[in-house]
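Structural characterization, general
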There are 2 protein chains.
Amino acid sequence: MVKLNEKFLHGFVSAEEIENIRSAASDAHTKLVNGTGEGNDFLGWVRLPENYDKEEFARIKIAAERIKQNSDILVVIGIGGSYLGARAAIEFCKSPLYNNLKKDTPDIYFAGNNISPTALTELLSICEGKDISVNVISKSGTTTEPAIAFRVFKSLLVEKYGEDGAKDRIFVTTDKARGTLKQFSDKAGYETFVVPDEVGGRFSVLTAVGLLPIACAGIDIDALMLGAQTAMKQFESFDLDNNAAVRYAVIRNILLGKGKNTEILVGYEPYMLMLNEWWKQLYGESEGKDGKGIFPASVVFSTDLHSMGQYIQDGQRNLFETVISVDNPGAEFVIPNDPANVDGLNFIAGRELDYVNKTAQTATIVAHNDGGVPNLLLNVADRTPASLGYLMYFFEFACGISGYILGVNPFNQPGVEAYKKNMFALLGKPGYEDMKNELEARIFG
Amino acid sequence: MVKLNEKFLHGFVSAEEIENIRSAASDAHTKLVNGTGEGNDFLGWVRLPENYDKEEFARIKIAAERIKQNSDILVVIGIGGSYLGARAAIEFCKSPLYNNLKKDTPDIYFAGNNISPTALTELLSICEGKDISVNVISKSGTTTEPAIAFRVFKSLLVEKYGEDGAKDRIFVTTDKARGTLKQFSDKAGYETFVVPDEVGGRFSVLTAVGLLPIACAGIDIDALMLGAQTAMKQFESFDLDNNAAVRYAVIRNILLGKGKNTEILVGYEPYMLMLNEWWKQLYGESEGKDGKGIFPASVVFSTDLHSMGQYIQDGQRNLFETVISVDNPGAEFVIPNDPANVDGLNFIAGRELDYVNKTAQTATIVAHNDGGVPNLLLNVADRTPASLGYLMYFFEFACGISGYILGVNPFNQPGVEAYKKNMFALLGKPGYEDMKNELEARIFG
C-alpha cells in the first residue's frame, strides 16, 4: 500500500552509505520491536493494530452511530495528538472542505486546541440552533486549552438539553482510571473511552482518541485498523533491503548527517495538509531534542510551488523532500477543450486533471533534484481508510527507528513543559509564586 | 500600528552588531526608495498606497457591491501572489471560518491554485444551486492552474446564465494590455482590472489582485490602503534607530549570519494562518536564491506548541522566531467558573481568555529564549483593515531591504520556472520535444 521510490536520491545517498548504517538500523529496529530501548514504557502503539481493545472498539462504533443520528455538529475538544490525527484522517479520507460539503454525517469542528477568544466565539455562533455532541479528549483532564473549551461546551449542553440530555451527548476520552476527569465523568454518567497509558499523544490516532471522531465522519475504522495491521506485520522483521519503514528512517538520518537538516513533506492534494501537520508533530516532537533532529516542514503543491518553490529550487541547500503521491486521487476530471484556446492549453484538453497533477509532480522532483534537493518518493495506493491506516503506521514505526538511530528517546517530550510552567507561574497558579516573581522581574524589569 | 519589541533578542543580537550593519542597511534602503537596485523595474508597490489608480479603485468597489448583491459564492481563481494576499486578508480581518459563519457577504472560495481533481470536483458540488460570480486573476492568462479552473467556471457560468448573464459575473484581473486573456475579455465584455507591470505577484495584495476579493468580503479597502500609506510614510526615511522595517531587515540578517537560517513566523490566533503563508511566499521567494536566504516556516500557537513546540524548545539551534501579537484580538470571552473545578483551573475563572492567551505568549517567548531561540516580537494594534494594511506594507518594505542586505535581487523568482519547463515538456507542449525525450530518458530510463 506504500512503496518507497529512491530513484531521486541518486547522487545524494549511496548504497554503501545505507549499508554502513545497517547495524545501527538493526539495533534500532530491535529496540522498537523488543521494547528494549529508551522510552519503552510508551510502546503500546507498536502492537496496537492487533491488540486493541475490541470491546471498546465496538462501543466507539455504537457511540459514533448515536452521534451521527442525533447531531448536526460534533465538537471535538483536544490539542496536539488529541486533535491532529483525527483531523488529518477526516481531511485525507473525506475532504478539507468536509464541513462545507453536503453529506449524511455531522459537521465536525475542533475546539480546545488554542486559547483564542475569536475561535471560541465563532464556533459557538456556528453551533447556534444546531444539535451538537461533544467528544473531549484529554489524558489528564487538566490541559489548559481543552479544559477551558470543555467548561464552555459542557455548560452549553446542560443548558440546551438538561443534565440528563447532556449525558447522552458528552463523550470523554481520558485516562482509564486516574485523573479527575475520569472520576467526574463516571459520576456524571458520561460514556468514557481510554487514552492508554503506554501510547503517547502523537502515536494515539488508532486509539479511541482518533477513532471516535474518525468514525463519526463515516470513515470505516475497521478498514483503518486492518491497514495498520498489514503495515505492522510487514515492518516487524528487520530487512534493510525491503522494509520501507527501516529504509525511510535510515535515509533521512544519512541525509541529516550530510547537513540536510530540514525535511519538507510534500503532498499534491489539498487533503494532504493536515496529514502533513500530523507528521510534523510525530517527527518534530519525537526527534527534536538534545539539540538534535530534522526540522519538519511541509507544503502542498502545486499551490506552494508558487510560494515556497523558489526557495526550495534555489535557496540554502540544507533541504530534502519526502513526496507523498496518492496513485488514485479519488476523483476524476477531464480538462475541457476551449475553442478560443485563450490560455493556449488545448494541448492538454481531454486529459485527466490528475495526469497533469502527476506530471507536475514528476517535473518538480526532477527540477528540485537538479537544484540539489534529494527527493524521496512515497507512493500510496489511494485515499481509502486502509491505505491511510497503513501510511500512518508506516510513519509511526519509521519514526521510532529513526529516533533510535539518531540517538534520542523518541517517546518523550520534555521540552513541551517549559512554556507551561512559565504560563502557570505568570497566571498565578498556586504553588508557582517564586517562579512568578522571578519571571516578572525578567520580563517587566 | 506595528511596534517592534527587541527585548527577547537580548544575548543574541547586540547594539554593536546592529551598528556594524548601518551602512549596508542604509544602502539597501536607498536602493529601495530611489529605485537604484537590482530588480528596480518591480518597485511599483513602493509608492502604491499613494499612487494607486483611483478610478480603478472606485470600479473595484462598485464591482464588489454587485457581487455582494447577486452572488452566494465568489470563486476567486488565482495562484501564488494572486491568491495568498486576499485569502490572508479575509481570514485576518474576518475569520478562517468565514465561509461557515452567518454573514451578509458571499462565501468566497479559492480555486485554480492547485491541479487537484478532488478540490475542483468538490467546489463544483458546493456551487450547485448557488448564484456565483468569478474573479480570475492571472497576469498572462496562461498559467496552468488558474487557466484550467477558469475554463471550467467560465463554461459553468455561461451554461447557467447564458453568454450575456455570465458577462456580468466574470471579473478578470490581468495585464492592462498584453496577453490573450485581456483581449478575450474585452471582446467578451468582461470587466477587467489591472495587474500592474511593475508589481510582482507577492507584492500585489494592494492592487486589484487582492482588493476585489477583499472588498467582496465586506472589508473596508479604503482603510486598508490608508494603513499601508501610513506605513509607507513612516518607513520612507532611513533611521536605523526608529524605522521598524529597517530594523527587522537588519536583525534577521544578523541572525542569519549567526547560523539562524530558519525563521518561524508565530501567531497566536487561528486567523493568522494564511497571513503566515502570505509572509512565507513574500520572504521565501524574495530571498531564497543563489544558495542564500532564510528558510521561512510558520506556526500558530498554542495549537502548534503541542506539535512543533518540542523541536523549537530543544531541537537543532538554527532557529529564530518572529512573533506577531495582536493587542486587541477582536473578541472577548470570560472563562467560566466550574463549581466542581474538575480541571483545577478555577484560579483563572473570571479572566479574559485573551489574557491567558497573551500570558501563554509571554511564557513561551521566555521559554524559547531559555532554549536558545531568539525572539522578535511585533505588536499589532488590532484586526482592522488599517492595521493589516500597515502590517503588510511593513513586511513588504522590510523584505526589499532585507533582500538587498543579503545581496540578492529581491524582486525576481527565476527558480519558479524550472518545474514549469519540465512539466510542459513532459505534457508534450509543442516546442518542448527535445527536452521531453531527455527528461523521459532520465525518469523512466
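Parameters and conventions
Residues numbered from 1 in each chain as written. Chains lettered and ligands numbered in written order. Predicted model: local features only at pLDDT ≥ 70, side-chain atom pairs only at ≥ 80, totals over all residues. Heavy atoms only, no water. Contact = heavy atoms within 4.5 Å. Salt bridge = Lys/Arg side-chain N within 4 Å of Asp/Glu carboxyl O. Polar contact = N/O pair within 3.5 Å; in protein donor to acceptor, adjacent residues only side chain to side chain. Helix = DSSP H or I, 4+ residues; strand = E, 2+ residues; numbered from the N terminus. Buried < 20%, exposed > 50% of the residue type's maximum accessible area, 1.4 Å probe, protein only. Core = buried A, V, L, I, M, F, W, Y, C linked by side-chain atoms within 4.5 Å. Least-squares fit on C-alpha atoms with pLDDT ≥ 70 in both. Pairing = 2+ DSSP bridges. Axes fitted to C-alpha atoms, helices over the stretch in contact; angles between N-to-C directions.

1. So, the interface of chain A and chain B
Interface size is commonly expressed as the accessible surface area that is lost when the partners come together. Taken together, the contacts link 131 residues of chain A with 130 residues of chain B. One can count six salt bridges joining chain A with chain B. In this structure, Asp370 of chain A and Arg442 of chain B form a salt bridge, with 2.8 Å as the shortest nitrogen-oxygen distance. Inspection of the region where chain A meets chain B yields 54 residue pairs in polar contact (both at pLDDT 80 or more).

2. Some points on the side chain of Ser95 of chain A
Note on placement: Ser95 of chain A falls in the loop between α5 (84-93) and β3 (107-111). Looking at Ser95 of chain A, the relative accessible area reads 1%, which means it is buried. Apart from residues lying up to four places away in sequence, Ser95 of chain A is in contact with Ile90, Leu101 and Arg383 of chain A together with Glu122 of chain B.

3. Comments concerning the nonpolar core
Judged by nonpolar contacts, the single largest core of 126 residues is most densely connected at Phe153 of chain A together with Phe153 of chain B. Ignoring sequence-local partners within four residues, the contact set of Phe153 of chain A consists of Val75, Ile77, Ala111, Leu120, Leu123, Leu124, Cys127, Ile132 and Val134 of chain A.

4. Examining the relation of the copies chain A and chain B
Mapping chain A onto chain B calls for a rotation angle of 180° and an axial translation of 0.0 Å; the resulting RMSD is 0.0 Å. A rotation of that kind, with that shift, is consistent with a two-fold axis. A shared interface surface links the copies, since 99% of the contact residues of chain A are contact residues in chain B too.

5. Comments concerning the sheet that holds strand β1 (residues 2-5) of chain B
All names here are of chain B. With mixed pairing, the five strands of this open sheet are ordered in space as β1-β10-β9-β7-β8. The sheet is open, and its two edges are formed by β1 and β8 (295-300), each paired on a single side. With strand direction ignored, the average angle separating the axes of adjacent strands in the sheet is 20°. Strand direction decides the pairing type here: β1 and strand β10 (residues 375-380), joined by four bridges, are antiparallel. From the neighbouring strand, Lys3 faces β10, where its bridge partner is Asn379.

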